[in-house]
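Here's the letter readout for the chains.
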Amino acid sequence: MSAVEELPERAAQDRVRLRFLQVAEDRAIKEARVLAGTTIFDAASWNGVAIDSTCGGHGTCKKCKVRVVSGSAPVSPVDPRAFSVEELKSGWRLACRAAAQEDLTVEVPPLETRPKAALAGVGRHVILRPAVQKRYLELSEPSLEDQASDLERVLAAMDDLELRVPLGVVRGLGATLRDSDWRVTAVVCDDVLIDVEPGDTSGSRHALAFDLGTTTVVATLLDLETGQPMAVRSILNAQQPFGADVITRISATMLDAAALALLQARAHETLQQLTDEVCEEAGIDPAGVYEVVVTGNVTMIQLALGIDPQPLSMAPFTIAARTLPEARAADFGLRVHERAPAVLFPALGAYVGPDIVAGILATGLTLDRRVRLFVDVGTNSEIVLGSSARALACAAPAGPAFEAAQIRCGMRAAPGAIEGVKIRDGEVELTVIGDVEPAGICGSGLVDAVAELVGAGILDHSGRFVAGSSERLGTIGDETVFHLADGVFLSQRDVRELQFAKASIATGWSLLCRDLGIEPEEISQVLLGGSFGSYLTPASAVRIGLVPKLPLARIVAAGNVAGEGAKIAALSVTERAAAHAVLDEVEYVELSGREDFNDLFVDRLAFPG
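Let us look at the structure shown here. Just so it is clear, the model here is predicted, and its values are computed rather than measured. (Residues numbered from 1 in each chain as written. Predicted model: local features only at pLDDT ≥ 70, side-chain atom pairs only at ≥ 80, totals over all residues. Heavy atoms only, no water.)

### A look at the side chain of Lys567
Tracing the sequence through the fold places Lys567 in helix H15 (residues 561–571). Apart from residues lying up to four places away in sequence, Lys567 is in contact with Ala209, Thr220 and Leu222. (Helix = DSSP H or I, 4+ residues; strand = E, 2+ residues; numbered from the N terminus. Contact = heavy atoms within 4.5 Å.)

### Quick word on the pairing of strand S1 (residues 15–22)
In terms of residue burial, S1 counts as a mostly covered element, since 7 of its 8 residues are buried. Sheet analysis places S1 next to strand S2 (residues 29–35), joined by 7 bridges and oriented antiparallel. Looking at S2, one finds that Leu21 is bridged to Ile29. The pairing of S1 with strand S5 (residues 104–108) spans 5 bridges and is classified as parallel. Among the inter-strand pairings, Gln22 is bridged to a residue of S5, identified as Val108. (Buried < 20%, exposed > 50% of the residue type's maximum accessible area, 1.4 Å probe, protein only. Pairing = 2+ DSSP bridges.)

### A look at the sheet that holds strand S6 (residues 132–138)
With antiparallel pairing, the 3 strands of this open sheet are ordered in space as S6-S7-S8. The open sheet has two free edges, formed respectively by S6 and strand S8 (192–198), since each of these has just one partner strand. For this sheet, the mean inter-axis angle between neighbouring strands, taken without regard to orientation, is 25°. Across 6 bridges, strand S7 (residues 183–189) lies against S8 in antiparallel orientation. (Axes fitted to C-alpha atoms, helices over the stretch in contact; angles between N-to-C directions.)

### Some points on the packing of helix H10 (residues 354–363) against helix H16 (residues 573–585)
For any two helices packed against each other, the geometry comes down to the angle between their axes and how far apart the axes lie. H16 packs onto H10 with a crossing angle of 120° between their chain directions and a minimal axis gap of 9 Å. Of the possible angle classes, the one that applies to H10 and H16 is oblique. Regarding H10 and H16, the two cross each other, and that crossing is right-handed. Contact residues: H10 offers Val357, Ile360 and Leu361, while H16 offers Glu575, Ala578, Ala579 and Val582. Here the contact of H10 with H16 is composed, by residue class, of 6 nonpolar, no polar and 1 charged. (Parallel < 35°, antiparallel > 145°, perpendicular 65-115°, else oblique. Left-handed = near helix turned anticlockwise from the far one by under 90°. Nonpolar A, V, L, I, M, F, W, Y, C, P; charged D, E, K, R; others polar.)

### A few points about the nonpolar core
With 81 residues, the main nonpolar core has Phe210, Val292 and Phe345 as its most contacted residues. Residue contributions to this core peak at 8 residues, all from helix H8 (residues 259–282). For Phe210, the residues in contact, after removing those within four places along its chain, are Val218, Ala219, Leu271, Leu274, Thr275, Val292, Val293, Val294, Thr295, Leu334 and Ala566. Counting 65 residues, the second largest nonpolar core, distinct from the first, contains Ala451, Phe482, Trp509 and Leu591. (Core = buried A, V, L, I, M, F, W, Y, C linked by side-chain atoms within 4.5 Å.)

### A word on the side chain of Thr220
When you line up the elements, Thr220 lands in strand S10 (residues 216–223). Thr220 gets classed as buried once you look at its relative accessible area, which sits at 3%. Look past the residues within four positions of Thr220 in its chain and what remains in contact with it is Ala207, Leu208, Ala209, Pro229, Ala231, Val232 and Lys567.

### Some details on the environment of Gly440
Among the structural elements, Gly440 can be located in strand S20 (residues 440–441). C-alpha separation for the pair Gly440 and Ile544, spaced 104 residues apart in sequence, amounts to 21 Å. Beyond its immediate stretch of four places on either side in the chain, Gly440 contacts Cys409, Met411, Gly416, Ala417, Ile418 and Val488.

### Regarding the sheet that holds strand S3 (residues 65–70)
Spatially, S2-S1-S5-S3-S4 is the arrangement adopted by the 5 strands of the open sheet, whose pairing is mixed. One side of each edge strand has no neighbouring strand; the edge strands of this open sheet are S2 and strand S4 (92–94). For this sheet the average axis-to-axis angle between neighbouring strands, irrespective of direction, equals 35°.

### As for the packing of aromatic side chains
With the rule as written, the count across this model stands at 4 aromatic pairs. When the ring of Phe500 is compared with that of Phe601, the centres are 6.3 Å apart and the planes differ by 5°; the resulting orientation is stacked. In this pair, Phe500 is assigned in helix H12 (residues 492–516) and Phe601 in helix H17 (residues 597–604), connecting sequence segments 101 residues apart. The exposure class of Phe500 is partly exposed, given its relative accessible area of 44%. (Phe/Tyr/Trp six-rings, centres within 6.5 Å; stacked < 30°, edge-to-face > 60°.)

### Examining the pattern of salt bridges
Considering all chains together, one arrives at 28 salt bridges under this definition. Residues Arg370 and Asp368 are paired through a salt bridge, measuring 2.8 Å at the closest nitrogen-oxygen approach. Judged by its relative accessible area of 38%, Arg370 is partly exposed. A cluster of three or more residues bridged by salt bridges with shared partners is formed by Arg514, Asp515, Arg594 and Asp596. (Salt bridge = Lys/Arg side-chain N within 4 Å of Asp/Glu carboxyl O.)

This is how it looks when you write it as structure tokens:
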């Protein structure tokens, strides 16, 4: 990095100038002027500078680390908990606690924007029947004897269809017909004529399927002629500075009236970036994408559409609509075909949303006579149990442990993250993403580590470290820790975080088993969904009690089933109808009001014997 220049004195006392040095390959520099007293974190967030955070700037995750290299920012009461004395002297601060009272130059560590994520998942073969259809038409020219209008001429050539026609199609219709010598291709989506293109373009039609996740967003470009994916990309949701989970993002809208528009804009930026990337990779003009399918949890969908999410955060947890009105790709800020519709999934409840309905569609859970358990493991873990006879669904508030958000050495599934742990004869073997030196631990590594510690007798079944059981045990402050690698450890509090998370999920499926009148042993298959579930070791999930104690062959990493459901909906209008039928086929169970939840939750806190 080039030498840092000293900043000139600011012109106005009420405003300060911040210069952000982004430590990355391009060494980008951004400048911003903000009101004096604005935190570095807020100034960065408002001006498109990505700083890592999982708590949304509330000072609890201690991940928004930056270094002030010019100017001075006072040490906050929270900073000493995150940095050594030497680091504090070097200018390291938590961005969310550092108020800019003077001009500053701030060094921002690189943020991993493409964490390891599941791009595919368990799906089904479906009959290709997309909503987007094309008809090549060779029309007769008008004459004095045949004075039919341009639109009548086009519609008459497709008299087997009853089509609605937007005004935008008619605006350019006359010129298109005449410039192409009356040889055109009609583009139809469902019952809407969305375009009339010059010449024969009938062999080219595409759709985009999005899984708009809280952490990671995945886009798949589909060739509707063959049903095959042409490109798949994932990226970190740009809403990340507002918090790692839906609750912190909803809280942001409650604390700041402008936050909803900002969150909507961030979602649109993320979706558009992925659109540009997959279209460029496949060599496709985005205008040739005639339809998009978007799934995600209720909060993500409502934020992306600018719908107030506040009623989702408090009892009785009300959603805007189980089935949203018709939407367009433009409503998600997407620059594809200007009249491309956006297909949305319905929601079962506030916290069993469109992504779970998409997952049910992909796995065919309501079509199978076997009783299966589908768990989407995350901050809010959704659980579906049942078969074609009867199916139940609920949401279990697991907290941020699986995302490693509140874990002392936690990080996303990016290079340097410990994702697998084995303890053999007292020796610790680590699997690290990117085969580099360990920098932290992600969710799958956390589950592995705790499972292995329980199996080795270093953790007892109550979740307490056993004194003298390992040379790697030590203390940091007053807390017992287990050292996994240099600078990376597992604390007693981390173990408790995981216990609360797994107990919540285990209580959820236990109550659904009780309501369905079955024993857990009767479950034929467990499907672990989502990016986290894809990398979870089945043996570890059983050992900590996250899933029922079943033969490991019955526990399947289902991957990104929400994304698979979105693809299925893009490829088949019949399957779309099946997705909406899920509202009648699956019963939503609200756990928060149940008297038997707390007792069972306490029972599930311990690790199985």
